[in-house]
Amino acid sequence: MKSTTVAKPQNGSRRTRPDRRRDRFSVSIPPQQPAMERNGGKQQQQQQLETAAPAPAPRKGAWRDGAVTYFHLLFYIAISGGQIFFNKWVLSSKEINFPYPVALTLLHMLFSSVVCFAATKIFKVIKIDEGMTTDVYVSSVIPIGAMFAMTLWLGNSAYLYISVAFAQMLKAIMPVAVFLLGTAFGLEEMNCKMLAIMSIISVGVIVASVGEITISWVGVVYQMGGVVAEALRLIFIEIFLKKKGVRLNLISMMYYVSPCSAFCLFIPWLFLEKPKMDASISWNFPPVTLFLNCMCTFVLNLSVFLVISRTSALTARVTGVVRDWSVVLLSAAIFADTKLTFINIVGYAIAIVGVVAYNNHKLKPQVNQQQGADSKVSPGSPRHVEIPLNSTKESS
């Protein structure tokens, strides 16, 4: 048998046949994407999954937050209405018999100044917003403080001549005064909607005034003077502070404005009421009662800050409308000089409809702007709120 030898092919000259099995099962692999693109795709998929995911269930403690919010609203209504009755009780000659509204308001401002100074500078439990300069204080805070002092002075003086209910009805004319003065200063624009709202409020106040049984024009002049002073205060805030970009919360406002208002009230008290107090011996000055009155005024201002910080300025205004109705109805049962008629109620109801429309028209855009910022905050939870100085201070 012949032996056949097969020559082995040299390296490099081996013939390679295509592996059909490998070709049959081969899979083409796309080129690998960069790491940034992969990460971007993952983030996009994650965002799509989060968008498609159902909304989280409400927290178990949500009802507690809502209960706390409603407690603040009820507390604001109670302390605000109670402060109005308290001032009337102190000034009335038939009760405490301290018929000196300038002196009473001066004590309120002095008490607020001392407490704010102690809380911010001595105990340092409250932080005051920075940014106040001497120029801003002289050109802005002093005129605002002067108008605020006049608002409190004239508003409290009206309680000596007219009933609490009628004073609240006259206060409903405030949006009309603010709008007219704002139009005169070029801050507001006259349009058909605002004109209709102002007409509704004016007609309501006129009807309520016609229904008043015993009307004192001296008290009406005092109350309307307080309304005009408050409207001027708001206009000055719009002109002086907003154009300068100064925004202060309510605590900071009390810290800066209270001493200025106290000084502005000291001058008329020195020349108008102090001689009467020296000549008369019939007035009463119970220190404990006046201290509690001043304390209630300070707590009232804190309650305004808490209500706005937990809800919004629009909710605070609507709560103020509920407070006004409560004051009007309760005053008829508490004070003998208050006698409501059907025409009073109808006129005041018409005015309140206009006031609610005005608040909704002016403040609803601000609420819509804050919804985006508040979307991550749970309902009813407190949040840091920066409030311009035009937040209504209800101690008047």
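Numbering of residues begins from 1 in every chain and follows the order in which that chain's sequence is written. Reporting in this predicted model follows two pLDDT cut-offs: at least 70 for local features of residues, and 80 or more for side-chain atom pairs to be given and counted; totals over whole chains, interfaces and linings ignore these cut-offs and use all residues. The basis for every side-chain value is the complete set of heavy atoms in the structure, and neither hydrogens nor water enter the calculation.

## A look at the overall build of the protein
Part 1: Of regular secondary structure, the protein possesses 13 helices and zero strands.
Part 2: By definition, any uninterrupted DSSP run of H or I lasting at least four residues is a helix, any uninterrupted run of E lasting at least two residues is a strand, and each is numbered from the N terminus. Scanning the protein from its N terminus toward the C terminus, one meets helices and strands in the order α-α-α-α-α-α-α-α-α-α-α-α-α.
Part 3: The cut-offs for exposure are 20% and 50% of the maximum accessible area for each residue type, with area from a 1.4 Å probe on protein chains only; residues under the lower value are buried, those over the upper are exposed, and the others partly exposed. Sorting the 396 residues of the protein into buried and exposed places 43% on the buried side.
Part 4: Contacts between residues were defined by any pair of non-hydrogen atoms, one from each residue, lying within 4.5 Å. In the protein, of all internal contacts separated by at least 6 residues, the share reaching a separation of at least 24 is 89%.
Part 5: The Shrake-Rupley method, run with a 1.4 Å probe, gives the accessible areas here. Residue values count only the displayed protein chains as cover. With an accessible surface of roughly 23,000 Å², the protein has 64% of that area assigned to carbon and sulfur atoms.

## What to know about the nonpolar core
Part 1: We call a set of buried Ala, Val, Leu, Ile, Met, Phe, Trp, Tyr and Cys residues a nonpolar core when their side-chain atoms join them within 4.5 Å. Judged by nonpolar contacts, the single largest core of 86 residues is most densely connected at Val 90, Phe 98, Val 164, Met 198, Ile 201, Val 205 and Tyr 256.
Part 2: With 11 residues, helix 10 (residues 250-279) is the single largest residue contributor to this core.

## Focus: the packing of aromatic side chains
Part 1: Pairs were defined over the aromatic rings of Phe, Tyr and Trp, the Trp ring being its six-membered one, requiring ring centres within 6.5 Å. Orientation was assigned from the angle between planes: stacked under 30 degrees, edge-to-face over 60, tilted for the rest. Per the stated rule, a full pass over the model turns up 11 aromatic pairs.
Part 2: An aromatic cluster of three or more residues is present, and its members are Phe 98, Tyr 100 and Trp 283.

## Quick word on the pattern of salt bridges
Part 1: When a carboxyl oxygen of Asp or Glu is within 4 Å of a side-chain nitrogen of Lys or Arg, the pair counts as a salt bridge. Enumeration over the complete set of coordinates arrives at four salt bridges.
Part 2: We note a salt bridge from Glu 188 to Lys 362, for which the minimum N-O separation is 2.8 Å. Of the two residues, Glu 188 is situated in the loop between helix 7 (174-184) and helix 8 (192-210) and Lys 362 in helix 13 (residues 342-374); the sequence distance between them amounts to 174 residues.

## Considerations on the packing of helix 3 (residues 62-91) against helix 11 (residues 287-310)
Part 1: Two numbers describe how helix 3 lies on helix 11: the axes approach to 9 Å, and their chain directions differ by 145 degrees. Crossing geometry of helix 3 relative to helix 11 is assigned as left-handed.
Part 2: Amino acids outside the nonpolar list (Ala, Val, Leu, Ile, Met, Phe, Trp, Tyr, Cys, Pro) and the charged list (Asp, Glu, Lys, Arg) are all regarded as polar, and Gly is one of them. Grouping the constituent residues of the contact of helix 3 with helix 11 by class yields 16 nonpolar, nine polar and two charged. An axis is simply a line fitted to the C-alpha atoms; with a helix, the fit covers only the stretch in contact. Between two such axes, the angle follows the N-to-C directions and lies from 0 to 180 degrees. Each helix crossing is assigned a hand: it is left-handed if the near helix lies turned anticlockwise from the far helix by less than a right angle, otherwise right-handed if that turn is clockwise.

## Details of the layout of surface pockets
Part 1: Of the voids in this model, the second largest pocket is the one considered here, and its volume is about 400 Å³.
Part 2: Among the elements that make up the lining of the second largest pocket, the one with the highest residue count is helix 3 (three residues). Both site types are read off a 1 Å grid over the protein atoms alone. A 1.4 Å probe that fits but cannot get out defines a cavity, while an open set with protein on both sides within 12 Å along at least five of seven lines defines a pocket; lining residues have an atom within 4 Å of a point. Grid points are joined across faces, edges and corners, and a volume is the space filled by probe spheres set on the points.

## Description of the side chain of Asn 344
Part 1: Relative to the assigned elements, Asn 344 resides in helix 13.
Part 2: With a relative accessible area of 0%, Asn 344 lands in the buried category.
Part 3: At 2.9 Å, the side chain of Asn 344 forms a polar contact with the side chain of Thr 341.
Part 4: Asn 344 has contacts with Met 169, Ala 208, Gly 211, Glu 212 and Lys 339, leaving out every residue within four places of it along the chain. Any pair of N or O atoms that falls within 3.5 Å is considered a polar contact. Within protein, one atom must be able to donate a hydrogen and the other to accept it, and sequence-neighbouring residues count only if both atoms are side-chain atoms.

## Observations concerning the packing of helix 4 (residues 101-122) against helix 5 (residues 134-158)
Part 1: Close contact between helix 4 and helix 5 brings their axes to 8 Å; oriented N to C, the two are set at 135 degrees. Here helix 4 is positioned oblique relative to helix 5, judged by the angle of their axes. Judged by the sense of rotation from one axis to the other, the crossing of helix 4 with helix 5 is right-handed. In this structure, helix 4 contributes Pro 101, Val 102, Thr 105 and Met 109 to the contact, and helix 5 contributes Phe 148, Leu 152, Trp 153, Asn 156 and Ser 157.
Part 2: Taken together, the residues of the contact of helix 4 with helix 5 break down into six nonpolar, three polar and no charged. The cut-offs work like this: below 35 degrees is roughly parallel, past 145 is roughly antiparallel, 65 to 115 is roughly perpendicular, and the gaps in between are oblique.

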